[in-house]
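One letter stands for each residue in the lines below.
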Amino acid sequence: MPESFDAHWLHQRADADAAARAERPYRALAAWAGGAAAPLRCVDLGCGLGANAAWLAPRLPGPQHWLLVDHDPALLAQAGRRTLSDATGAPAAAQTRRTDLTGDLAALTHDTHLITAAALLDLASSAWIDRLVAACHSNGAAAMFALTYDGHFASETPDAPEEYLVREAFNKDQRRDKGFGTALGPDAALYTARAFRAVGYRIRLGRSPWRLGPASADLQRALVDGKAQAARNAASDNRLAIDCWVHRRHEAIDAGTAHLRVGHLDLFAAPPGSP
Ligand SMILES: C[S@@+](CC[C@H](N)C(=O)[O-])C[C@H]1O[C@@H](n2cnc3c(N)ncnc32)[C@H](O)[C@@H]1O
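Described in the following lines is the structure provided in the data block. Not measured: the values here are computed from a predicted model.

### Notes on the overall build of the protein chain
Counting its secondary structure elements, the protein chain contains ten helices and nine strands. In summary, the protein chain has a C-alpha radius of gyration of 19 Å against a globular reference of 19 Å for 275 residues, a match within 12%. Dimensions of the protein chain, computed from C-alpha atoms along their principal axes, come out at roughly 55 × 35 × 35 Å. Per-residue burial over the protein chain gives 52% buried out of 275 residues. For the protein chain, the share of sequence-separated contacts (at least 6 apart) that also reach a separation of at least 24 residues comes to 80%. When the accessible surface of the protein chain is split by element, carbon and sulfur atoms take 53% of a total near 12,100 Å². Side-chain charges of the protein chain comprise 29 positive and 30 negative groups, with the mean position of each set lying 5 Å from the other.

### What to know about unusual backbone geometry
Note that the residue after Ala38, namely Pro39, is joined by a cis bond; omega there is -5 degrees. Located in the positive-phi region is Asp111, a residue other than glycine, with phi close to 65 degrees. Despite not being glycine, Ala119 has its phi angle at roughly 55 degrees, a positive value. Among the structural elements, Ala119 can be located in the loop between strand 5 (114-118) and helix 6 (126-139).

### Looking at the packing of aromatic side chains
Taken as a whole and assessed by the stated rule, the structure comprises nine aromatic pairs. A centroid spacing of 5.8 Å and a plane angle of 80 degrees characterise the contact between Phe153 and Phe170, whose relative ring orientation is edge-to-face. A residue pair is termed long-range when its members are at least 10 positions apart, and Phe153 in strand 6 (residues 142-155) and Phe170 in helix 7 (residues 161-173) qualify at 17 residues. Of the two residues, Phe153 and Phe170, both sit in the buried class. When the centroid spacing of 4.7 Å and the interplanar angle of 45 degrees are considered together, the rings of Phe196 and Tyr201 count as tilted.

What counts and what doesn't
- Residues numbered from 1 in each chain as written.
- Predicted model: local features only at pLDDT ≥ 70, side-chain atom pairs only at ≥ 80, totals over all residues.
- Heavy atoms only, no water.
- Helix = DSSP H or I, 4+ residues; strand = E, 2+ residues; numbered from the N terminus.
- Rg over C-alpha atoms; globule rule 2.2 N^0.38 Å.
- Buried < 20%, exposed > 50% of the residue type's maximum accessible area, 1.4 Å probe, protein only.
- Contact = heavy atoms within 4.5 Å.
- Areas by Shrake-Rupley, 256 points an atom, 1.4 Å probe, with all protein chains shown as cover.
- Lys, Arg positive; Asp, Glu negative; His and termini not counted.
- Charge placed at Lys NZ, Arg CZ, Asp CG, Glu CD.
- Phe/Tyr/Trp six-rings, centres within 6.5 Å; stacked < 30°, edge-to-face > 60°.

Take a look at the structure:
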């Protein structure tokens, strides 16, 4: 079964995602796109509310055609109501498609120049990522995979023993099957980079952490509760430590002193032979 994501959560994280994106991979993407075909055909896998396409479209030159793909019809309906704009401010063409990404990836991405996703790779298994890389390669497509969780999160008191336990348990839960087979979780971005390199792609990786402070209290509360729930699922014998961590985090958030850094990686892969 594919994992479900709440629209409210995706709204909540959108600003932090936009602020976090690493610079280097997008410079490489823009340089590649400058020499790519027009209109540029792009597919956003696991598009959710369409935030990734909405962020990328104005950073790509020239006319574009976007295909936004998700299994969740409610998220897809909201994504379809967005207007995407290219770098000139002109509307970019976009359509949505309801599909389970574990199906025929080659058909879904056929004739595409840019294959992208945000906050998706960590849900996927090595076998699925191998198929994704093969689909990119057979199209000669570039790939931009943003905001893949890298296994690190830390508050302003990262050496607290409960935080270590919560992180370990959360990272264990990250490897649970989310519909793609056993998930790579924190290893997904580097696994993907190696798989692209093996077929001749040039890779640009950049860190894209959320750096959340007191102004992001609501997002921090949601993250703390979400991470704790996942950690309890993975390590039920550590419930006391997890509850203690939650209590301390909520205290700090309520006092306006809480900071939380959540690590991600952004990856751009340029196809072999591209300038
Ligand atoms: C963490 S959310 C990211 C959404 C969006 N890319 C963003 O950055 O806000 C993961 C998305 O992948 C979608 N998804 C997960 N498994 C899927 C599957 N097997 N097939 C299609 N979509 C899937 C979810 O519905 C969700 O919209």
